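# Breakdown of the fold
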Amino acid sequence: MTKYVNAVITEEQKESSLPILEGTLGPHAVDIQNLYPRHNLLAFDPGFRSTASCKSAITFVDGDNGVLLYRGYPIEELAEHSNFEEVTYLLMHGELPKVDQYQEFIALLHRHNLLHEQVMSFYRGFRRDAHPMAVMVGVVGALSAFYHDVMDIQKQEDRMRAAIRLVAKMPMLAAASYTYSIGRPQRYPNNKFDFSSNFLQMMFGRPSEEYVVDPVLARAFDVILILHADHEQNASTSTVRLAASSGANPFACIAAGVASLWGPAHGGANEAVLKMLQEIGTVENIPKAIARAKDKNDSFRLMGFGHRVYKNFDPRSRVIQVQAKKVLEHLGIKDPLLDVALKLEEIALKDSYFIERKLYPNVDFYSGILLRAMGFPMNFFTAIFALARTAGWVSHWLELQHESHGIDRPRQLYVGSPLRHHPKKK
Ligand code: ACO
């Protein structure tokens, strides 16, 4: 439904009606598409704090109330009642799968979960101590060389196959970035396992031994994947959309998403949280850390706290905290960093600096503790995020193909030199 608001554009002393677009949930959006053609004015919103870059029907985040919905379903319900394969189907297709649709989807994931053997040779070009995300950017992008001429993105069938290939191949791609780093031969996918168990056996299994899945760890890992599967127009998803708007190869677009995810303000935060907790070390050192986080002259931030959209609890952080406690108890691990994290959260939530700025724990605050307990090396955490987020990236890529606004091309407020002439010009 379209409503109208009267916006007064003072610079030109002109009055103009701008349409207000209403979504199903969340704030309305003022449609400013005609601002430049009609008034020669641009909207200035660095960081996109007040900009809806597109229409989307995939994920909804209500940051003030701590709500996250995938296709309308609350994240807590999906984490409790679904597995990652169902959630991926939901994100891609809009509905939870019926039994036959689920079986067909699993069969497709199984058919496409192997890597071309030549892809494996790319790994050997990397240093063994390369960061897994550096390797992932490279090998995910390299897939575009294998599926380019054979694919027509104008065809729905080809698009769907590309999306399935990405989701299905990502576990082996990610696992290989770890096994290569430690010099262990890479195991192949085994279709007797579900998605998460299959990843765990490729990550931790030895080719010479049977891999026995621990159901508690497999379930916890599946929950991690579900929680990280999508998060509307975050930096990496917007990167994928921007790259895709030019009609680029989808494997290359997802590689761009991996690159964006890597940064410490985004997917790299879970690694940064663990490093921070290790640095803090003990509960006694927490006040010092809090003081540093509040000090404007110190660049130190409380990693795992704050979010561009959530100005309340990130609902994923509560689910992950429960899983972290469950796994630690199951494995009989007494991790002092969990005590530091719990106390840090308790102190920060009572501190006026964090209260006034609405800084709450985000999904990354406890995920590092959980992943470490499961045996993942710290520098691998963001690769797991990429593995999960591929489900969201491909869903947005699929959705974008039905949009007709063409290439994304932001403008700028130019603040450089006015026109001047080359000193040699006569
Ligand atoms: N520790 C201390 N102070 C903080 C923190 C923090 N973690 N986060 C924000 N602030 C302060 C800022 O200094 C600023 O204070 P000021 O108003 O006095 O200048 C105020 O809170 C607002 O901060 P912004 O930077 O404007 O918030 P923004 O929405 O841009 O940033 C971000 C969000 C990047 C996530 C930020 O909170 C942060 O750096 N957090 C730590 C990194 C992190 O955990 N990232 C993961 C995000 S979740 C994800 O990607 C899965």
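The preceding data block contains the structure.
For clarity, every value in this text was computed on a predicted model and none was experimentally measured.

### Structural notes on helix H15 (residues 336-350)
In this model, H15 (15 residues) spans 22 Å end to end at C-alpha, consistent with the 21 Å of a helix rising 1.5 Å per residue. Among all positions in H15, only Leu337, Leu338, Val340, Ala341, Leu344, Glu345 and Ala348 are buried. The arc that holds the buried residues of H15, viewed along the axis, is 155°, so those residues lie on one side. Against the buried residues of H15 lie helix H12 (269-280), helix H13 (286-294), helix H14 (315-331), helix H16 (352-356) and helix H17 (364-373). One side-chain oxygen at the N-terminal end of H15 lies 2.8 Å from the backbone nitrogen of Leu337; it belongs to Asp335.

### Structural notes on the packing of H14 against H17
Axes are the key here: two packed helices are described by the angle between their axes and the distance separating the axes. Running from amino to carboxyl end, H14 crosses H17 at an angle of 25°, the nearest separation of the two axes being 9 Å. Here H14 lies roughly parallel to H17, going by the angle between them. Like other packed secondary-structure pairs, H14 and H17 cross with a definite hand, here left-handed. Together, Ser317, Ile320, Gln321, Gln323, Ala324, Val327, Leu328 and Leu331 of H14 and Tyr366, Ser367, Ile369, Leu370 and Ala373 of H17 make up the contact between the two elements. Considered class by class, the residues forming the contact of H14 with H17 number nine nonpolar, four polar and no charged.

### A closer look at H13
Those residues of H13 that fall on the buried side of the exposure criterion are Ile286, Ala289, Ile290 and Ala293. For H13, the buried positions fall inside an angular range of 100° around the axis, keeping them on one side. Structurally, H13 contributes buried residues whose contacts are with H12, H15 and H16.

### Focus on the packing of aromatic side chains
Per the counting criterion, the structure on display carries 17 aromatic pairs. Centroid distance Tyr178 to Phe204: 6.4 Å. Interplanar angle 70°. Geometry classified as edge-to-face. Of this pair, Tyr178 sits in helix H7 (residues 156-182) while Phe204 sits in helix H8 (residues 195-204), and the two are 26 residues apart along the sequence. The class of Phe204 is partly exposed, set by a relative accessible area of 22%. Among the aromatic residues, ring-to-ring pairing joins Tyr178, Phe199, Phe204, Phe221, Phe376 and Phe380 into one connected group. Between the NZ or CZ atom of Arg318 and the centre of the ring of Phe313, over which it lies, the distance is 4.1 Å. Just above the ring of Tyr36 sits the side chain of Arg411; from NZ or CZ to the centre is 5.0 Å.

How each quantity is defined
Residues numbered from 1 in each chain as written. Predicted model: local features only at pLDDT ≥ 70, side-chain atom pairs only at ≥ 80, totals over all residues. Heavy atoms only, no water. Helix = DSSP H or I, 4+ residues; strand = E, 2+ residues; numbered from the N terminus. Expected span 1.5 Å × (residues − 1). Buried < 20%, exposed > 50% of the residue type's maximum accessible area, 1.4 Å probe, protein only. Arc of directions from axis to C-beta. Contact = heavy atoms within 4.5 Å. Polar contact = N/O pair within 3.5 Å; in protein donor to acceptor, adjacent residues only side chain to side chain. Axes fitted to C-alpha atoms, helices over the stretch in contact; angles between N-to-C directions. Parallel < 35°, antiparallel > 145°, perpendicular 65-115°, else oblique. Left-handed = near helix turned anticlockwise from the far one by under 90°. Nonpolar A, V, L, I, M, F, W, Y, C, P; charged D, E, K, R; others polar. Phe/Tyr/Trp six-rings, centres within 6.5 Å; stacked < 30°, edge-to-face > 60°. Lys NZ or Arg CZ within 6 Å of the ring centre and 35° of its normal.

Just distances and angles here, no functional claims.
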